[in-house]
Amino acid sequence: MPPDYEEFKRRADAVRARIAEACARAGRNGGEVELLAVTKSQPAAAVEMAARYGLRAVGENRVQEGIEKRAQTAAPVAWELIGHLQSNKARLAVRHYERIQSVDSARLLEILDRAAEEQGKSQAVLLQVNAGLDPAKSGVEPDGAERLLEVALGRKNLRVEGLMAIAPLSPDPAVARRTFARLREIRDRLASATGARLRELSMGMSGDLEAAIAEGSTLVRVGTALFGERA
Ligand SMILES: *Cc1c(COP(=O)(O)O)cnc(C)c1O
């Protein structure tokens with residue numbers, strides 16, 4: 001069960017305060033970091049709370065779950081796919097998501113580009129990088145990121161807005177911090193190598209958003225801290 005709106009608002013205010021404090025500590029402007037509400041495993045009511053609070057977008061990690069939820073609400077939010085995308089769902093993802101954050105292969109880029117062309121859409125994407133070198137995580141390996149970006153930049157129906165990473169699960173907070181620092185270094189290197197702006201750095205979740213903001217995150221993806229533990 002999601003919290004009621006008053007409870008949600010208290011939690012969201014607290015997350016916003018954490019973001020503001022982390023920005024202040026990093027000498028960054030609080031407006032540089034957006035809060036994405038991760039509504040996976042939550043009902044459509046959670047999306048409505050996020051919209052009522054004024055959040056721009058929600059994140060879902062399963063294509064089909066997000067599509068079903070989207071059909072149940074007219075909440076004025078953008079839908080972002082943050083979970084692994086299989087190529088057989090790519091066409092559906094283009095139809096139903098404003099941005100896809102989990103693009104990690106040339107083959108997927110090709111299928112997304114073709115689907116976007118057929119649907120007359122310019123599809124926003126982020127490239128997911130396995131910046132933590134975590135065998136359990138998807139994402140392009142750091143060494144392959146530049147090649148993948150070049151493929152993406154050659155696809156005329158895709159707009160590459162930046163990079164995304166998930167830190168490995170670890171009891172040591174230095175692991176997340178290093179992962180985020182690495183994603184930022186990769187972004188800076190790729191931006192200067194290709195001239196692409198790569199404005200968005202999607203990194204940081206409920207447990208590690210401070211470290212991500214210290215390393216330059218522009219978008220934190222937060223579920224548990226807004227809606228409580230998932231069932
Ligand atoms: C579930 C999920 C999140 C949110 O995680 P919380 O710890 O609940 O904040 C963020 N990003 C991705 C890719 C996720 O799958």
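Structural notes, computed from the coordinates. (Residues numbered from 1 in each chain as written. Predicted model: local features only at pLDDT ≥ 70, side-chain atom pairs only at ≥ 80, totals over all residues. Heavy atoms only, no water.)

### Some thoughts on the overall build of the protein
Scanning the protein from N- to C-terminus turns up nine helices and eight strands. For the protein, whose C-alpha radius of gyration is 17 Å, the value lies close to the compact-globule estimate of 17 Å for 231 residues. Each of the three principal axes of the protein carries a C-alpha extent, and together these read 45 × 40 × 30 Å. Of the contacts formed within the protein by residues at least 6 apart in sequence, a portion of 60% connects residues at least 24 apart. (Helix = DSSP H or I, 4+ residues; strand = E, 2+ residues; numbered from the N terminus. Rg over C-alpha atoms; globule rule 2.2 N^0.38 Å. Contact = heavy atoms within 4.5 Å.)

### Concerning the nonpolar core
Formed by 69 residues in total, the largest nonpolar core has its most connected members in Phe 8, Ile 19, Leu 85, Ile 100, Leu 112, Leu 127 and Leu 226. By residue number, the principal contributor to this core is helix H1 (residues 5–25), which donates seven residues. Excluding anything up to four places from it in sequence, Ile 19 contacts Val 33, Leu 35, Leu 209, Ile 213 and Val 220. Counting residues in each nonpolar core, the second largest holds six residues, with Leu 36, Val 38, Ala 57 and Ala 78 among its members. (Core = buried A, V, L, I, M, F, W, Y, C linked by side-chain atoms within 4.5 Å. Buried < 20%, exposed > 50% of the residue type's maximum accessible area, 1.4 Å probe, protein only.)

### Focus on the side chain of Gln 123
On the secondary structure map, Gln 123 appears in strand S5 (residues 123–128). Overall, Gln 123 belongs to the buried group, its relative accessible area being 0%. Within the structure, the side chain of Gln 123 is placed 2.9 Å from the side chain of Lys 121, a separation counted as a polar contact. Residues in contact with Gln 123, not counting those within four places in the same chain, are Val 94, Tyr 97, Glu 98, Arg 99, Ile 100, Ala 116, Asn 157, Leu 158 and Arg 159. (Polar contact = N/O pair within 3.5 Å; in protein donor to acceptor, adjacent residues only side chain to side chain.)

### Quick look at the site of the ligand
Neighbouring the ligand are Val 38, Lys 40, Asn 61, Ile 82, Ile 166, Met 205, Ser 206, Arg 221, Val 222, Gly 223, Thr 224 and Arg 230. Note that an oxygen atom of the ligand is positioned 2.7 Å from one of the side-chain N or O atoms of Lys 40. Note that an oxygen atom of the ligand is positioned 2.5 Å from one of the side-chain N or O atoms of Ser 206. Looking at the shell around the ligand residue by residue, the class counts come to five nonpolar, four polar and three charged. (Near = heavy atom within 4 Å. Nonpolar A, V, L, I, M, F, W, Y, C, P; charged D, E, K, R; others polar.)

### Focus on the packing of aromatic side chains
For the coordinates displayed, the defined rule picks out three aromatic pairs. Centroid distance Tyr 5 to Phe 8: 6.1 Å. Interplanar angle 35 degrees. Geometry classified as tilted. A residue pair is termed a helical-turn pair when its members lie 3 or 4 positions apart in one helix, as Tyr 5 and Phe 8 do in helix H1 at three residues. Chaining the aromatic ring pairs together yields one cluster made of Tyr 5, Phe 8, Tyr 53 and Phe 227. Arg 52 extends its terminal NZ or CZ atom over the ring of Tyr 5, reaching a point 3.8 Å from the ring centre. (Phe/Tyr/Trp six-rings, centres within 6.5 Å; stacked < 30°, edge-to-face > 60°. Lys NZ or Arg CZ within 6 Å of the ring centre and 35° of its normal.)

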